[in-house]
Amino acid sequence: MTFNIEAFSERFDHSAMLAGFRRELITSVQGMAVAGFTKCVESGDEGGGRPWVYISAGVHGDEPAGPMAMLALLKEGVFDERANWLMCPFVNPLGLAAGTRENASGIDLNRDYLERSSEEVQAHAAWLESKPVPDLFVSLHEDWESSGFYLYEINVAGVTSGAHAILDAASSEIPPEPEPVIDDHEVREPGWIDHSPKADLPKHWPEAIFLAERGAGVSYTLETPSSLDLIRRIRCHQLAAGQALDGFLASVTA
Ligand SMILES: [Zn+2]
């Protein structure tokens, strides 16, 4: 399936504006915007002491469910007064337009956050560095090799894990991946990879490792199986990401 990034971007901009977000142009590649969205509950960088939550999608261009789930979450109204928000819904617009994992130069952006050889990641990492370090990071991905939903957790802050609740929420749409080893990682429980804050390949940092190195408290990388129906994958991401946000925000304000 092809992803109409121009139309999607317009719809996202519109919904983000209605939800009180400010749009920033992170960079543009071949005329296509990489946009960042911020919503700070109170003025100033302090953000009124509320937690900062960052959510990203569309780092891999052949994974359309993530950006679409972010738009659904936006319309659902989850990005409310509980937190200050940062969003990057389509980090790899050319990959999304072409339906390729990599960007137009063949670079896997989610291995580029240390070396920053791509224009997209160079600008995106700099944008993130200009913002407060998030307390929670949620990133939406998909996997061609799995048959179920799974997640990576990097829990630097040592907060109570939200993994069970996220897997539960996801399972009303897609059950957890049954394999004991996923993407070369032994699972802690079905669908749950408890990952260290260090990259598997020292020079090839994914976005989640970059955020962990910056000191982000906890991150969840959510993965839906690409072979299933797109509507189910979008719904699954929406449920799982919604639970990741709700669970974390309930725990910090309790
Ligand atoms: Zn991915």
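In this text the structure is predicted, and so the values were computed from the model without any measurement.

**Some thoughts on the coordination of the zinc ion**
Move 1: The coordination sphere of the zinc ion contains the protein donors H60 (ND1), E63 (OE), E63 (OE) and H141 (ND1), at a distance range of 2.0 to 2.3 Å.
Move 2: One can describe the site at the zinc ion as irregular: its 4 donor atoms subtend angles covering 57 to 148 degrees at the metal.
Move 3: Read in sequence order, the donor residues for the zinc ion give the motif H-x2-E-x77-H. On the criterion of sequence distance, the pair formed by H60 in the loop between β3 (52–57) and α2 (65–76) and H141 in strand β5 (residues 136–143) is long-range, its members being 81 residues apart.
Move 4: The class of H141 is buried, set by a relative accessible area of 4%.

**Points about the nonpolar core**
Move 1: Of all hydrophobic cores here, the largest spans 75 residues; its most connected members are F12, F79, M87, V138, F149, L151 and L222.
Move 2: Residues in contact with V138, not counting those within four places in the same chain, are Y54, I55, S56, Y220, L222, A241, A244 and L245.
Move 3: In this structure, Y152, I182, V187 and I193 belong to the second largest nonpolar core, which totals 5 residues.

**A short note on the packing of helix α4 (residues 119–129) against helix α6 (residues 207–214)**
Move 1: At their nearest, the axes of α4 and α6 sit 12 Å apart, and the two run at 30 degrees to each other. Looking at the two axes, α4 sits roughly parallel to α6. Judged by the sense of rotation from one axis to the other, the crossing of α4 with α6 is right-handed. Note on element contacts: α6 touches α4 through E207, F210, L211 and R214, opposite H124, A125, L128 and E129.

**Structural notes on the sheet that holds strand β10 (residues 218–225)**
Move 1: The strand order across the open sheet built from 8 strands is β1-β2-β4-β3-β5-β10-β6-β9, with neighbouring strands paired in mixed fashion. Every other strand in the sheet has two partners, leaving β1 (22–29) and β9 (192–194) as the edge strands with one partner each. Shown here is a sheet whose adjacent strand axes are inclined to one another by a mean of 15 degrees, direction ignored.
Move 2: Two elements, β3 and strand β4 (residues 84–88), share 5 bridges in a ladder whose sense is parallel. In the strand pairing of β4, W52 is matched with N84.

**Description of a negative patch on the surface**
Move 1: Where like charges cluster on the molecular surface, the negative patch consists of E145, D183, D184 and D200.
Move 2: By secondary structure assignment, the location of D200 is in the loop between β9 and α6.
Move 3: Exposure remark for D200: the relative accessible area of 52% places this residue in the exposed category.

**Thoughts on unusual backbone geometry**
Move 1: Here the phi dihedral of Q30 falls at roughly 45 degrees; this positive angle occurs in a residue that is not glycine.
Move 2: Assignment of secondary structure puts Q30 in the loop between β1 and β2 (32–39).
Move 3: For D183, which is not a glycine, the phi torsion comes out positive at approximately 50 degrees.
Move 4: Relative to the helices and strands, D183 resides in the loop between β7 (181–182) and β8 (185–186).

Conventions used here
Residues numbered from 1 in each chain as written. Predicted model: local features only at pLDDT ≥ 70, side-chain atom pairs only at ≥ 80, totals over all residues. Heavy atoms only, no water. Donors = N, O, S within 2.8 Å, 3.2 Å for Na, K, Ca; no water. Tetrahedral: all angles 85-135°; square planar, octahedral: opposite > 155°, others 65-115°. Helix = DSSP H or I, 4+ residues; strand = E, 2+ residues; numbered from the N terminus. Buried < 20%, exposed > 50% of the residue type's maximum accessible area, 1.4 Å probe, protein only. Core = buried A, V, L, I, M, F, W, Y, C linked by side-chain atoms within 4.5 Å. Contact = heavy atoms within 4.5 Å. Axes fitted to C-alpha atoms, helices over the stretch in contact; angles between N-to-C directions. Parallel < 35°, antiparallel > 145°, perpendicular 65-115°, else oblique. Left-handed = near helix turned anticlockwise from the far one by under 90°. Pairing = 2+ DSSP bridges. Patch = residues over 30% accessible without salt bridge, like charges linked within 9 Å, V, L, I, M, F, W, Y side chains within 5 Å. Areas by Shrake-Rupley, 256 points an atom, 1.4 Å probe, with all protein chains shown as cover. Salt bridge = Lys/Arg side-chain N within 4 Å of Asp/Glu carboxyl O. Lys, Arg positive; Asp, Glu negative; His and termini not counted. Charge placed at Lys NZ, Arg CZ, Asp CG, Glu CD.

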